[in-house]
Amino acid sequence: MTASALKSTGASSPRNEASSAGAVDAALESPILGTYKRAPVEFVRGSGVRLFDPEGKAYLDFVSGIAVNALGYDDPGLKAALHAASDGLVHTSNLFNTSPGERLAAALVSRSFADKVFFCNSGAEANEGAFKFARRWARTRGEAKHEILALRGAFHGRLFATLAATDRPAYRLPFRPLAAGVSIFERDLTELDAALSEDTAAALIVEPVQGEGGVRVMDSGLLRELRAITLERSIALIFDEIQCGLGRTGTLFAYEQTGVVPDMLTLAKPIAGGLPMGAILLTDEIASTIKSGDHGTTFGGGPFVASVALHVLDRLSDPALLAHVRDTGAWFGAQLNALAERTGRIRQVRGMGFIWGVDVINTASQIVADALGHGLLVCSAGEHTVRILPPLIATREDLTQGLHILETIL
Ligand SMILES: Cc1ncc(COP(=O)(O)O)c(C=O)c1O
């Protein structure tokens, strides 16, 4: 039955139809536009690192809502923060002052290299804003340069400029022409040195750990060289920590482990515990060139979402949690390598903390589907890379259970 037929008969939700009918193509049935291939499962509640379907079957979640649910599900502190926020203002617009956004910006500034923060609603929006700020900074110095450079394997979002900085032909090709002045280069010092021209380049954007591009930890030596070049030529260095930031690598910000400090850093995903929020952290040097009216967004940093984010940021800054991610992550990486040895079905293991990519001989989509059947949620990052993003609260027992399931499947 199509969605329009459902509408005319007044039948219950297409999703209910789909689950009762068994193997119905949910994408065709659903009134939601089919931009995502949704797995044939519905979740109705969660607890800790597990999600539950309507029949009460538990699924061990190593996706975390794609690196969003750092605190897992049904977290009492997060629930209390949500309840408390609902007693206050939800939205007033950025035409007026509200305190939660001010306090959140101050907390981000005090924990990072940054002097100022711009709040928005998603990762792509944060990166688009950072591109604008880089160009504004150059123009204010009287320079006409505007090129934005991104790296092979990058994923920075689905809007026109961020798509131009995203290295996935299938995502890009149907939507050309993309934004002008945004190009992708090899992760190679010689090539980048030539491309980072003092006269044309306004910004270089880098994920310290590429997520969607296959979980690739950027070489710290290369990052240091790029920092030296960008400093010397007044090119803004933007770190996209939308997926790898806020604790996932075992420090609050991934840049802390690279020996490199960027000029701007973008955040989103886990920052507000599952509510939509993005942020751009920036230095005074760049911030001082942005004037009122240069950029804006209706919802950015509203009091409700900012009060929840204040709680999440405190939790993700906890040294004990970060030490847990570092230690348990290192142990988990060793376990994945041992699994590769034992099964002979894994070509390479990459990652750190609680972000791992496992290159499998099968297709990643096959492993993702088989894992689902065994009650484990993982996702892919490319045709042969299985991506593992457990909530940061996952214990060795949780991870061991996931490893057993992966071993069975492989
Ligand atoms: C590194 C990185 N940058 C940007 C984005 C885009 O974020 P959003 O989907 O919130 O626009 C993502 C999303 O997966 C991401 O992983």
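Refer to the structure presented above.
Just so you know, these numbers come straight off a predicted model, no measurement behind them.

What counts and how
- Residues numbered from 1 in each chain as written.
- Predicted model: local features only at pLDDT ≥ 70, side-chain atom pairs only at ≥ 80, totals over all residues.
- Heavy atoms only, no water.
- Near = heavy atom within 4 Å.
- Polar contact = N/O pair within 3.5 Å; in protein donor to acceptor, adjacent residues only side chain to side chain.
- Areas by Shrake-Rupley, 256 points an atom, 1.4 Å probe, with all protein chains shown as cover.
- Helix = DSSP H or I, 4+ residues; strand = E, 2+ residues; numbered from the N terminus.
- Pairing = 2+ DSSP bridges.
- Axes fitted to C-alpha atoms, helices over the stretch in contact; angles between N-to-C directions.
- Contact = heavy atoms within 4.5 Å.
- Left-handed = near helix turned anticlockwise from the far one by under 90°.
- Nonpolar A, V, L, I, M, F, W, Y, C, P; charged D, E, K, R; others polar.
- Salt bridge = Lys/Arg side-chain N within 4 Å of Asp/Glu carboxyl O.
- Buried < 20%, exposed > 50% of the residue type's maximum accessible area, 1.4 Å probe, protein only.
- 1 Å grid on protein atoms, 1.4 Å probe; cavity = no way out; pocket = protein on both sides within 12 Å on 5 of 7 lines; lining within 4 Å.
- Points joined across faces, edges and corners; volume = space filled by probe spheres on them.
- Parallel < 35°, antiparallel > 145°, perpendicular 65-115°, else oblique.
- Expected span 1.5 Å × (residues − 1).
- Arc of directions from axis to C-beta.

J.: So what exactly am I meant to see when it comes to the site of the ligand here?
T.: Neighbouring residues of the ligand: Ser122, Gly123, Ala124, Asn127, Phe155, His156, Gly157, Glu207, Asp240, Ile242, Gln243 and Lys269. Taking glutamine 243, its side chain carries an N or O atom lying 2.8 Å from an oxygen atom of the ligand. Isolated, the ligand exposes 390 Å² of accessible area, and the fraction of that covered by the protein chains is 81%. The greatest single-element share of the shell around the ligand, amounting to 3 residues, is contributed by helix α7 (residues 123-140).

J.: I tried to follow the sheet that holds strand β4 (residues 116-120) on my own but got confused; where do I start?
T.: Two strands in a sheet stick together by hydrogen bonds in their backbones, pointing the same way (parallel) or opposite ways (antiparallel). Strand order in this open sheet of 7 strands is β4-β12-β11-β10-β7-β5-β6, and the pairing throughout is mixed. Because the sheet does not close on itself, it has two edges, and the strands there are β4 and β6 (182-185). Direction aside, neighbouring strands of the sheet carry axes that sit 20° apart on average. Bridge analysis of strand β7 (residues 201-206) against strand β10 (residues 236-240) gives 4 bridges, and the strand direction is parallel. Paired with valine 206 across the bridge in β10 is phenylalanine 239. Contacting β4, β5 (147-151), β6, β7, β10, β11 (264-267) and β12 (278-282), α7 runs over the sheet at an angle of about 165° to β11.

J.: Help me out: how do you make sense of the packing of helix α6 (residues 99-110) against helix α13 (residues 303-316) in this one?
T.: In helix packing, the relevant descriptors are the interaxial angle and the interaxial distance, both defined with respect to the helix axes. Relative orientation of the contacting elements α6 and α13 amounts to 30°, with a least axis distance of 8 Å. Every pair of crossing elements has a handedness; the one defined by α6 and α13 is left-handed. Counted together, Pro100, Gly101, Arg103, Leu104, Ala107 and Leu108 of α6 and Pro303, Ala306, Ser307, Ala309, Leu310 and Leu313 of α13 form the full contact between these two elements. Along the lines of polarity and charge, the residues of the contact of α6 with α13 split into 9 nonpolar, 2 polar and 1 charged.

J.: Looking at this structure, how should I read the pattern of salt bridges?
T.: Working definition: two side chains of opposite charge can pair if their charged atoms are close together. One pass over the full model with this rule turns up 15 salt bridges. The closest approach of N and O atoms between glutamate 143 and arginine 141, which form a salt bridge, is 2.7 Å. Judged by relative accessible area, glutamate 143 falls into the partly exposed class, the value being 27%. The salt bridge involving glutamate 186 is made with arginine 152; its shortest N-O contact spans 2.9 Å. Placement of glutamate 186 in the loop between β6 and α10 (189-195) and of arginine 152 in the loop between β5 and α8 (160-164) is noted, with a sequence separation of 34 residues between them.

J.: Teacher, can you tell me more about the layout of surface pockets here?
T.: Gaps between atoms show up when a probe of the same size as a water molecule is rolled over them. Here the second largest pocket defines a volume of roughly 880 Å³. Taken together, 33 residues make up the lining of the second largest pocket; nearest its centre are Asn94, Glu102, Val117, Phe118 and Phe119. Looking at the lining of the second largest pocket, the elements that each hand over two or more residues are α6 and β4. In terms of residue class, the lining of the second largest pocket is built from 12 nonpolar, 16 polar and 5 charged.

J.: Which parts of the structure should I look at to understand the packing of helix α14 (residues 319-343) against helix α16 (residues 396-409)?
T.: Viewed as axis vectors pointing N to C, α14 and α16 meet at an angle of 20°, and their least axial separation amounts to 11 Å. Put simply, α14 runs roughly parallel to α16. Handedness of the crossing formed by α14 with α16: right-handed. Residues Asp327, Thr328, Trp331, Phe332, Gln335, Leu336, Leu339, Arg342 and Thr343 of α14 form the contact with α16, whose participating residues are Arg396, Leu399, Thr400, Leu403, Leu406 and Glu407.

J.: How should α6 be read in this particular structure?
T.: Here α6 is 12 residues long and its end C-alpha atoms lie 16 Å apart, about the 16 Å a rise of 1.5 Å per residue gives. Three or more residues of α6 are buried, namely Pro100, Gly101, Leu104, Ala105, Ala107 and Leu108. Axial view of α6: buried residues confined to an arc of 160°, hence all on one face. Turned more than 90 degrees away from the buried face of α6, the exposed residues are Glu102 and Ser110. On the buried face of α6, the contacting elements are β4, β11, β12 and α13.

J.: Looking at this model, I keep getting lost on empty space enclosed by the protein. Mind explaining?
T.: Counting across every chain of the model gives 1 cavity of 30 Å³ or more. Lining the largest cavity are Leu339, Ile346, Val358, Val360, Ile367, Val386, Leu406 and Leu410.

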